[in-house]
Amino acid sequence: MQENYDVIIIGTGAGGGTMAYALAETGKRILVLDRGEYIPREKANWSPEAAYIQGAYRSSDRWLDPTGDAFEPNQYHRVGGGTKIYGAALLRMRAEDFGNLQHYEGSSPAWELGYSDFAPYYAAAERLYKVHGQRQTDPSETNTAEITDGYPAAPLPHSDRIQQVATQLQRAGLQPFPLPMGVDYDPGNQQRSPCILCDTCDGYACLLNAKADAQTCGIDLALRYANVTLMTGAKVERLHSAGRQITAVEARVNGQVKLFRAEIVIAACGAIGSADLLLRSATDEHPNGLANGSDQVGRNLMRHNVTKLYAIDLKTPNPTVFQKTLAVNDFYLASERSPYPLGHVHLMGKHKWQMMQPDFPKLVPQPLLKWLSAHSVDWWMQSEDLPEANNRVRLTAQGQVQIDYRPNNLKAHQELKRQFKQVLRQIGFPLLLEVPMPLKVLNHQCGTCRFGTDPANSVLDLNCKAHELDNLYVVDASFFPSASAINPTLTIVANALRVADHLKQRMAGKGQESLNLQDAFGIDG
Ligand SMILES: Cc1cc2nc3c(=O)[nH]c(=O)nc-3n(C[C@H](O)[C@H](O)[C@H](O)COP(=O)(O)OP(=O)(O)OC[C@H]3O[C@@H](n4cnc5c(N)ncnc54)[C@H](O)[C@@H]3O)c2cc1C
Ligand code: SF4
């Protein structure tokens, strides 16, 4: 196995998988390392017991909570990372999210790049990840002047029951809109359509590989190029450095320690994984960890304040198969409803009784769970949490990952729940069962290596290169200076495409031809 490369990408999730695809056409020798393996295509992909009760495909990581108790986080170390089992809701952050936003319990800082810097990459990301949606239906989509194109595909169809709920919400004064979703669905040609809009998508791996994830839309396409090599089961344990250079990537592969070298090293291990790797790579020259002279690595961890809501209509059953089609953003920005932003709401995948089981006390009998599942419309309510230096990933003296995280801005979330539940009661859902998401649900982790121009309070520069190193980039969810209340993946993908453009130019400066983004992503993957 060759050990010298032009580029090494660590991680194949939304950031790393997208980056591998974006750089593949440069012809550079690219090594992609992932600690995980492919998820096998097997019946268990679509088993609710396997996915929701046994935690199939989940990592065996054990981390410590703020009190020092061990917990098993919702982490997926697989080719495609978290996107293999994600719910594929792919939304852009609002223009306002890039600015300084005042909240109930503080403010979320402005990003040093604006919406217009991300807009062309959002468009490319939506094409690459096959997003279905409809512009100008989301009331918080205020900056429509920036968006000149439509979604690549029409919105996914609502079931009859969800269409009914959408109409009721409209009558109650809300403006529900089609949730932008990344799946390879073609209603015009059912024979060709890889996606069958089944009932096991959100939280499952797709047996048909029809979900737009970082494997199908990133790694699989990258591997069409002979210059790209993927090595699975390769856990990167530390980065070696000398001065401002990463000199080697040390990985454990099949129990053996191997060193790989490259001119450019890109960490994309997820927000917690990348912070962990940098902290673990401390040396005498970088005693607090790599890129951590400012003590910012691992800090400002965010994850959203999230509550599931089972809205039960006692009379009307909900036979919906594919439910994740509707969203509500009427509470997203300050309005007459609230002086401060409250958050975002969307439907989850239809929860079968087995999926509900972990959310209820063990003594709730199966027949009751089945009845609840048959009558419930299942919502996901999420609000922005704010970056705080003390919310952080750190390593204990024994080298264990500790997640020091305490939720903040909870008033916004309480108010979101109160107002949305009021509307649901009004439209015929008398029984509303809330399930707050515990710390182990780190699905939307971000912010541990934020980008900015000031090395004193950021880890990465605006190209996502470490301030303190000349050849280290981080392109997963770590770079977020604030979380917004929107699901993170489309922004991670768009950013990876943006940084890839920068890297193409950087490498072109060394004699390689630069690629045009439109040419690169205008193709049908
Ligand atoms: C159940 C669930 C549902 C979700 N639904 C949505 C949704 O609907 N919409 C949305 O926008 N987001 C959703 N998310 C979140 C989304 O999956 C993440 O935001 C996204 O995957 C993060 O991308 P990333 O590149 O930061 O990291 P990841 O996708 O987590 O990728 C990190 C990769 O790095 C690898 N890795 C880690 N450490 C190492 C190491 N030391 N050496 C080698 N490899 C390493 C991992 O194996 C993994 O492949 C969901 C997540 C979950 C868990
Ligand atoms: S809904 Fe489509 S993309 Fe999702 S799991 Fe089913 S077939 Fe796959």
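In the block above lies the structure referred to throughout.
So, how was this worked out
Residues numbered from 1 in each chain as written. Chains lettered and ligands numbered in written order. Predicted model: local features only at pLDDT ≥ 70, side-chain atom pairs only at ≥ 80, totals over all residues. Heavy atoms only, no water. Helix = DSSP H or I, 4+ residues; strand = E, 2+ residues; numbered from the N terminus. Expected span 1.5 Å × (residues − 1). Buried < 20%, exposed > 50% of the residue type's maximum accessible area, 1.4 Å probe, protein only. Contact = heavy atoms within 4.5 Å. Near = heavy atom within 4 Å. Polar contact = N/O pair within 3.5 Å; in protein donor to acceptor, adjacent residues only side chain to side chain. Areas by Shrake-Rupley, 256 points an atom, 1.4 Å probe, with all protein chains shown as cover. Salt bridge = Lys/Arg side-chain N within 4 Å of Asp/Glu carboxyl O.

Peer 1: I'm lost on helix α9 (residues 410-426) in this one. Help?
Peer 2: Spacing of three or four residues puts side chains on the same side of an α-helix, whose turn is 3.6 residues. Compared with the 24 Å implied by 1.5 Å per residue over 17 residues, the 24 Å span of α9 between its first and last C-alpha is a close match. By the burial criterion, the buried members of α9 are Ala412, His413, Glu415, Leu416, Lys417, Gln419, Phe420, Lys421, Val423 and Leu424. At its buried positions, α9 is contacted by α4 (160-171), β14 (305-312), β15 (326-328), β16 (344-347), β17 (376-383) and β20 (431-436). Following α9 by one or two positions, glycine 428 has its phi on the positive side, about 110°.

Peer 1: Explanation requested: the environment of valine 257 in the structure shown.
Peer 2: Examined against the element boundaries, valine 257 turns out to sit in strand β13 (residues 256-267). When its relative accessible area of 46% is taken as the criterion, valine 257 is described as partly exposed. Taking the C-alpha atoms as reference points, valine 257 and arginine 418, 161 residues apart in sequence, are found 53 Å from one another.

Peer 1: Please clarify how the site of ligand 1 should be interpreted in this entry.
Peer 2: Near ligand 1 lie 34 residues; those nearest to it are Gly15, Asp34, Gly87, Ala89 and Thr489. Here alanine 268 contributes a backbone N or O atom positioned 3.3 Å from an oxygen atom of ligand 1. At 3.4 Å, a side-chain N or O of asparagine 487 approaches a nitrogen atom of ligand 1. Look at ligand 1: alone it shows 1000 Å² of surface, and the protein chains cover 93% of it.

Peer 1: In this structure, what is going on with the pattern of salt bridges? I would like to understand it.
Peer 2: Think of it this way: side chains of opposite charge can pair up when their charged atoms draw near. Per the counting criterion, the structure on display carries 23 salt bridges. For aspartate 313, the salt bridge goes to arginine 161, with nearest N and O atoms at 3.2 Å. With aspartate 313 in the loop between β14 and β15 and arginine 161 in helix α4, this residue pair connects regions lying 152 residues apart in the sequence. Like aspartate 313, the residue arginine 161 is buried in the burial classification. Between aspartate 378 and lysine 350 there is a salt bridge, with its nearest N and O atoms 2.8 Å apart. One end of the pair, aspartate 378, is in strand β17; the other, lysine 350, is in the loop between β16 and α7 (353-356), and 28 residues separate them in sequence. Neither aspartate 378 nor lysine 350 differs from the other in exposure class; each is buried. One connected set of salt bridges, linked through shared partners, spans Arg92, Glu126 and Arg135.

Peer 1: Mind showing me how you'd approach the side chain of aspartate 276 here?
Peer 2: Mapped onto the elements of the fold, aspartate 276 is located in helix α6 (residues 271-280). You can call aspartate 276 buried: its relative accessible area is 16%. With residues up to four places along the chain from it excluded, the contact list for aspartate 276 reads Leu395 and Val401.

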